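Summary of the model geometry
The chain contents come next:
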Amino acid sequence: MIPTITSFEKSPDRGQGLARDMRVRWAFEEVGQQYDVRLVSFQQMKEPAHLDLHPFGQIPTYEEGDLTLFESGAIVLHIAQRHAGLLPKDANARARAISWMFAALNTVEPPIVEREMGMYFDRDKRWHQERLAMLNDRVRARLSELSRRLGDNDWLDGEFSAGDLLMVTVLRRLDGSGEVEKYPNLAAYVARGEARPAYQRAFADQLAVFTAATSKG
Ligand code: GTB
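The rules we used
Every chain begins its residue count from 1, and numbering advances along the sequence as written. Residues qualify for local features only when their pLDDT is at least 70, as the model is predicted, and side-chain atom pairs are given and counted only at 80 or more; totals for whole chains, interfaces and linings, by contrast, use all residues. Hydrogens and waters are ignored; side-chain quantities use all the structure's heavy atoms. Axis lines are fitted to C-alpha atoms, over the contacting stretch for helices. Their N-to-C directions set the angle, which ranges from 0 to 180 degrees. Here a strand is any run of E in DSSP of at least two residues, a helix any run of H or I of at least four, and the numbering for each starts at the N terminus. Here is the rule for angles: anything less than 35 degrees is roughly parallel, anything more than 145 is roughly antiparallel, 65 through 115 is roughly perpendicular, and the remaining ranges are oblique. When checking whether two residues touch, look at their non-hydrogen atoms; a contact exists if any pair is within 4.5 Å. Only rings of Phe, Tyr and Trp enter the pairing, Trp through its six-membered ring, and a pair is recorded when the two centres are within 6.5 Å. The plane angle decides the type: under 30 degrees is stacked, over 60 is edge-to-face, the rest tilted. Exposure categories follow from relative accessible area, calculated using a 1.4 Å probe and restricted to protein chains: below 20% of the type maximum is buried, above 50% is exposed, and the middle band is partly exposed. Definition used: whenever NZ (Lys) or CZ (Arg) falls within 6 Å of the ring centre and also within 35 degrees of the ring normal, the charge is taken to sit over that ring. UniProt positions are given in the numbering used here, feature names are shortened, and annotations may be inferred rather than shown by experiment. Segment limits for the domains were obtained from an automatic or database-derived domain assignment. Buried area is understood as the total, over both parts, of accessible area removed when two parts are fitted together, assessed with a 1.4 Å probe. The salt bridge definition used is simple: a Lys or Arg side-chain nitrogen within 4 Å of an Asp or Glu carboxyl oxygen. Polar contact is the term for a pair of N or O atoms within 3.5 Å; when the atoms are in protein, one must be able to donate a hydrogen and the other to accept it, and sequence-neighboring residues count only if both atoms are side-chain atoms. Gly falls in the polar group here, along with every residue not listed as nonpolar (Ala, Val, Leu, Ile, Met, Phe, Trp, Tyr, Cys, Pro) or charged (Asp, Glu, Lys, Arg).

The geometry of helix H5 (residues 91–121) relative to helix H7 (residues 162–172) is characterised by a closest axis approach of 7 Å and an angle of 10° between their N-to-C directions. The orientation of H5 relative to H7 falls into the category roughly parallel. On the side of H5, the interface is formed by Ala97, Trp100, Met101, Ala103, Ala104, Leu105, Val108, Glu109 and Ile112, while H7 contributes Ala162, Gly163, Leu166, Met167, Val170 and Leu171.

This is the structure we're talking about:
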């Protein structure tokens, strides 16, 4: 049975692969699993049919037979556990790769998202600049720590894993900020992820959705 995921009908990032369906698409491509995509509008995400799948009315979701999942990290973990290619076979290495998945989502992504939200929603507040400085410091602290740990390695712990897949998508949310580029090894790490054929296919597929939606008007 081919799984179905949900994705934005018209992504606010204009198809730059920053929405969280990108990480799920990339995981499917890495393991060679076909999938279908159901596009949803912002309105549909808040309607009962979608809320049955996702309690918070968001994308992505995953449906396969009688299994429904939400949370991009849980979906990527499910794919990685069901197919070879995203988690090492050795039990300890597998556990470490899963630690990196959590690190990407629980330790590195939150300050990045907080900074992004601050920039979008608090621009007109009198305390914006002061808070932004604090949010930038938090992001920079995580990048510096991650850069130190990555060092000269290609990936975070041995072979490419679901931990790298999530970390690269998280770091991509800083695209355009110039922050990742301050750490040449992190910039090269993101570029290595983006150069993977599976990433390229996933990116092209989600961009095609945006291009089609834009040409319809
Ligand atoms: N923790 C959840 C997960 O990992 O799956 C978070 C899911 C989530 O934030 N989904 C967002 C969503 O559905 C899309 S990805 N938002 C609609 C809503 O909450 O009503 C976040 C996102 C959106 C847009 C951009 N962008 O345009 O750059 C980047 C990231």
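Under the counting rule described, the total for this entry stands at ten aromatic pairs. Ring geometry for Trp26 and Tyr199: centres 4.9 Å apart, planes at 85°, overall edge-to-face. Here the residue Trp26 occupies a position in helix H1 (residues 21–31), and Tyr199 occupies one in helix H9 (residues 197–216), the gap between them amounting to 173 residues. Judged on exposure class, the residue Trp26 and its partner Tyr199 are both buried. Between Phe28 and Tyr35, the aromatic rings sit 4.7 Å apart at their centres with planes inclined by 15°, giving stacked as the arrangement. Residue classification places Phe28 among the buried residues on the basis of a relative accessible area of 1%. One aromatic cluster in this structure is built from Trp26, Trp155, Phe160, Tyr189, Tyr199 and Phe203. Above the plane of the ring of Trp155 lies Arg192, whose end atom (NZ or CZ) is 5.7 Å from the centre. Positioned above the aromatic ring of Phe160 is the side chain of Arg196, whose terminal nitrogen or guanidinium carbon lies 3.7 Å from the ring centre.

Let us now look at the UniProt feature "domain: GST N-terminal" (unreviewed entry) in the protein. Per the UniProt annotation, the sites labelled "domain: GST N-terminal" (unreviewed entry) are residues 8–87. Overall, residues 8–87 shows 40% helix and 18% strand. The separation of its end C-alpha atoms is 28 Å.

In this section: the domain arrangement of the protein. When the domains of the protein are assigned, the result is domain 1 (4–85 + 198–216) and domain 2 (91–196). With centres defined by C-alpha atoms, the gap from domain 1 to domain 2 works out at 21 Å. Listed as interface residues are 18 residues of domain 1 and, on the opposing side, 20 residues of domain 2. For the domain 1 and domain 2 pair, buried surface summed over both sides reaches about 1600 Å², with 60% attributable to carbon and sulfur atoms. Where domain 1 packs against domain 2, one counts three salt bridges. Put simply, Glu30 and Arg196 hold a salt bridge, and the shortest N to O gap is 2.8 Å. Summed over the shared surface of domain 1 and domain 2, the number is eleven residue pairs in polar contact (both at pLDDT 80 or more). Sorting the residues of the side of domain 1 that touches domain 2 by element identifies H1, helix H4 (72–82) and H9 as the ones contributing at least two each. The leading source of residues in the side of domain 1 that touches domain 2 is H4, at five residues. Looking at side-chain class alone, the side of domain 1 that touches domain 2 contains nine nonpolar, six polar and three charged residues.

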